[in-house]
Amino acid sequence: FSNVTAQYLLKKMKEDKKVVAITSATPTVMGFTEDKRKEAGKQFIDVGIAEETAMAMAAGIAAGGGKPVYGVYSTFVQRTYDQITQDLCIDSNAATIVTFWGSVYGMNDVTHLGLQDIPMMSNIPNLVYLAPTTKEEYLAMLDWSIDQDQYPVAIKLPGGEMISDGKEVTKDFSQLNKYEVTQKGSKVAIIGLGTFYNMGCEVAKAVEEKTGTKATVINPYYITGIDAELLEELKKDHDVVITLEDGILDGGFGEKIARFYGDSDMKVLNFGLKKEFLDRYDVAEVLKENHLTKEQIVEDIMKFI
């Protein structure tokens, strides 16, 4: 994703002088090696280890009609929470934040955990937080985010290896909080956010093999809002909704879905990570401890069908 980001932004910069890339001492997270920084010239800014400055600068550039893109490791977003809320979101300054390594598959040092960005960012008013599942979705989100001037937008890159399916993305991201049903089924609906979308597809396949029940699979795209119309529609022929998210459950994406169904008969199972400080962890062990293996998820679903 780093290389893809640099290639994309360098092309965009040449086409539009208003596009500016910003980093806070981690230029290569965006793929901007020394040669690429020289190529970008004044359209690339490194503020040093000062995330607050980077975010405030991005907000100011956006307010002045520029098109800033701030690339940051997820773990460092906490340092600039105040600027995101106060400088960026109150006035809806249309900057783009790309969060890297916000994943169980990311950094695993206790002071560099990228697991808190969903609860931290998805509850700030006016911010649109997006979760692509592929390279193509990511680039389409960047296209929309950089050229629109209505919303501050953050994009959460998937953990693990980058997936590229070659599919053209025609979705209109300005129609906020519209999820996509990628497989229509019944009884069970699986909402797989970002990194874990493909795990949701694998779970759906396993459920069908075991029970003959074809599950509905949904790519939600939007972390910051719910598709109330779609969720209401699921009540007609579904008994249980599963949410999968690559981050801490408390205050996260799945809880928004559970809250929507709170006064109904729909069962909701939220899968994600428990709230704790991990240190130098083994990914496979953490996934198993949090019931995030395909086999464990399928076993839990089987109790309801």
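Above this text sits the structure in question.
Residues numbered from 1 in each chain as written. Predicted model: local features only at pLDDT ≥ 70, side-chain atom pairs only at ≥ 80, totals over all residues. Heavy atoms only, no water.

### Description of the pattern of salt bridges
Point 1. For the coordinates displayed, the defined rule picks out 17 salt bridges.
Point 2. The salt bridge involving glutamate 34 is made with lysine 38; its shortest N-O contact spans 3.7 Å. Of the two residues, glutamate 34 and lysine 38 are both situated in helix 2 (residues 34-40); the distance of four residues between them amounts to about one turn of the helix.
Point 3. A salt bridge links glutamate 232 to lysine 235, with the nearest nitrogen and oxygen atoms 3.3 Å apart.
Point 4. Judged by relative accessible area, which is 41%, glutamate 232 ranks as partly exposed.
Point 5. Linked through salt bridges whose partners overlap, the residues forming this network are Lys12, Asp16, Lys67, Asp143 and Asp147. (Salt bridge = Lys/Arg side-chain N within 4 Å of Asp/Glu carboxyl O. Helix = DSSP H or I, 4+ residues; strand = E, 2+ residues; numbered from the N terminus. Buried < 20%, exposed > 50% of the residue type's maximum accessible area, 1.4 Å probe, protein only.)

### Concerning empty space enclosed by the protein
Point 1. Applying the stated criterion across every chain, the model contains one cavity of 30 Å³ or more.
Point 2. Taken as a whole, the largest cavity encloses approximately 30 Å³ of empty space.
Point 3. When its residues are assigned to classes, the lining of the largest cavity shows four nonpolar, two polar and two charged. (1 Å grid on protein atoms, 1.4 Å probe; cavity = no way out; pocket = protein on both sides within 12 Å on 5 of 7 lines; lining within 4 Å. Points joined across faces, edges and corners; volume = space filled by probe spheres on them. Nonpolar A, V, L, I, M, F, W, Y, C, P; charged D, E, K, R; others polar.)

### Here we look at the packing of helix 7 (residues 197-211) against helix 11 (residues 294-302)
Point 1. Remark: helix 7 packs on helix 11, axes separated minimally by 9 Å, with the N-to-C direction vectors making an angle of 50°. Of the possible angle classes, the one that applies to helix 7 and helix 11 is oblique. When the axes of helix 7 and helix 11 are compared, the crossing they make is right-handed. Across the interface between the two elements, Met199, Glu202, Val203, Ala206, Val207, Lys210 and Thr211 of helix 7 pack against Lys294, Ile297, Val298, Ile301 and Met302 of helix 11.
Point 2. Of the residues that constitute the contact of helix 7 with helix 11, the class distribution is eight nonpolar, one polar and three charged. (Axes fitted to C-alpha atoms, helices over the stretch in contact; angles between N-to-C directions. Parallel < 35°, antiparallel > 145°, perpendicular 65-115°, else oblique. Left-handed = near helix turned anticlockwise from the far one by under 90°. Contact = heavy atoms within 4.5 Å.)

### A few points about the environment of glycine 106
Point 1. In this fold, glycine 106 is placed in the loop between strand 4 (96-100) and helix 5 (117-121).
Point 2. Ignoring any residue separated from it by four or fewer positions in sequence, one finds glycine 106 in contact with Trp101 and Tyr281.

### So, helix 11
Point 1. For helix 11, the full list of buried residues reads Gln296, Ile297, Val298, Asp300 and Ile301.
Point 2. At its buried positions, helix 11 is contacted by strand 8 (187-192), helix 7, strand 10 (238-248), strand 11 (267-273) and helix 10 (283-289).

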